[in-house]
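# Fold and geometry: a report
The residues making up each chain are set out below.
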Amino acid sequence: MARLSAIFAPKEREFFDLFEEAGANIQRAAELLERMLDRWPDHGELARDVVVCEQEGDRITHDIIQRLNQTFVTPIDREDIYALASALDDIVDFIEEVADFLGLYRIEAPMEQAQRMARVLHEAARHICAAMPRLRTFRDMRHYTVEVNRLENEGDRIIREALASLFETGIDPMMVIRWKDIFERLEDAIDATETAANILEGIVIKNR
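For the structure given in this document, a descriptive report is provided here. (Residues numbered from 1 in each chain as written. Predicted model: local features only at pLDDT ≥ 70, side-chain atom pairs only at ≥ 80, totals over all residues. Heavy atoms only, no water.)

All told, the structure shown has three aromatic pairs when counted by the stated rule. Between F16 and F138, the aromatic rings sit 6.5 Å apart at their centres with planes inclined by 75 degrees, giving edge-to-face as the arrangement. With a gap of 122 residues between them, F16 in helix α2 (residues 9–38) and F138 in the loop between α5 (112–131) and α6 (142–168) connect regions that are remote in the sequence. We classify F16 as buried; its relative accessible area is 2%. Centroid distance W179 to F183: 5.5 Å. Interplanar angle 35 degrees. Geometry classified as tilted. With W179 and F183 both in helix α7 (residues 173–206) and four residues apart, the pair spans about one turn of that helix. Among the residues examined, W179 registers a relative accessible area of 3% and is labelled buried. Using a relative accessible area of 0% as the deciding quantity, one classes F183 as buried. (Phe/Tyr/Trp six-rings, centres within 6.5 Å; stacked < 30°, edge-to-face > 60°. Helix = DSSP H or I, 4+ residues; strand = E, 2+ residues; numbered from the N terminus. Buried < 20%, exposed > 50% of the residue type's maximum accessible area, 1.4 Å probe, protein only.)

Once that is clear, we can look at α5. Taking 1.5 Å of rise per residue, 20 residues should cover 28 Å, and α5 covers 29 Å from first to last C-alpha, within 8% of that figure. In terms of burial, α5 is largely enclosed, as 15 of its 20 residues are buried. (Expected span 1.5 Å × (residues − 1).)

The next point concerns the nonpolar core. Within the largest apolar cluster, 69 residues are counted, with the highest numbers of intra-cluster contacts made by F19, L84, L88 and F183. Elements with a minimum of two residues in this core: α2, α3 (46–70), α4 (78–104), α5, α6 and α7. When residues of this core are assigned to their parent elements, the largest contribution, 14 residues, is made by α7. Apart from the residues within four sequence positions on either side, F183 is in contact with M111, Q113, A114, M117, I159, A162 and L166. (Core = buried A, V, L, I, M, F, W, Y, C linked by side-chain atoms within 4.5 Å. Contact = heavy atoms within 4.5 Å.)

Treat this as a map of the structure, not an account of what it does.
Following this line, the structure appears as structure tokens:
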């Protein structure tokens, strides 16, 4: 007997379309942040583009929730749709906060560890984006989720090194506080990619 989800597939495909849009938006936001930190403050104008990504993320999340409220039969569990949409939105929100802090805190030059964390974040975002199309068929995406988990561990290692260096160099205490905020938001963004990866893995296991 055909699954009800197959009968209602045309409308339900919209969820997968939106999740793929969210994945692409996350990858773009992470790429912009990496470019910002790579040559800060020369690329400070990219902060405006990051804000556009954050607004696009909000729009996608709103569309997903709206469709969730209007759809009787969903392709995956409703709670999983909501959890994944929230996790993806969190990634872009944290990226936008980092970009905002760079200007708000009048950071004059980037720390090398922040540049490395931005590269890790961008790589994790690429894997999230690449995993999204596999949701349509619930194909195994373990390759992508394992990589995101590995990158999250790498991010943890870098932030420990970064925080230690803040207190070793004897820089201005206010600058220590500012950089600590930036590093924590970078860590939050990387952690959010792991959360999204874990949700994706759970969805695939449930729907095999």
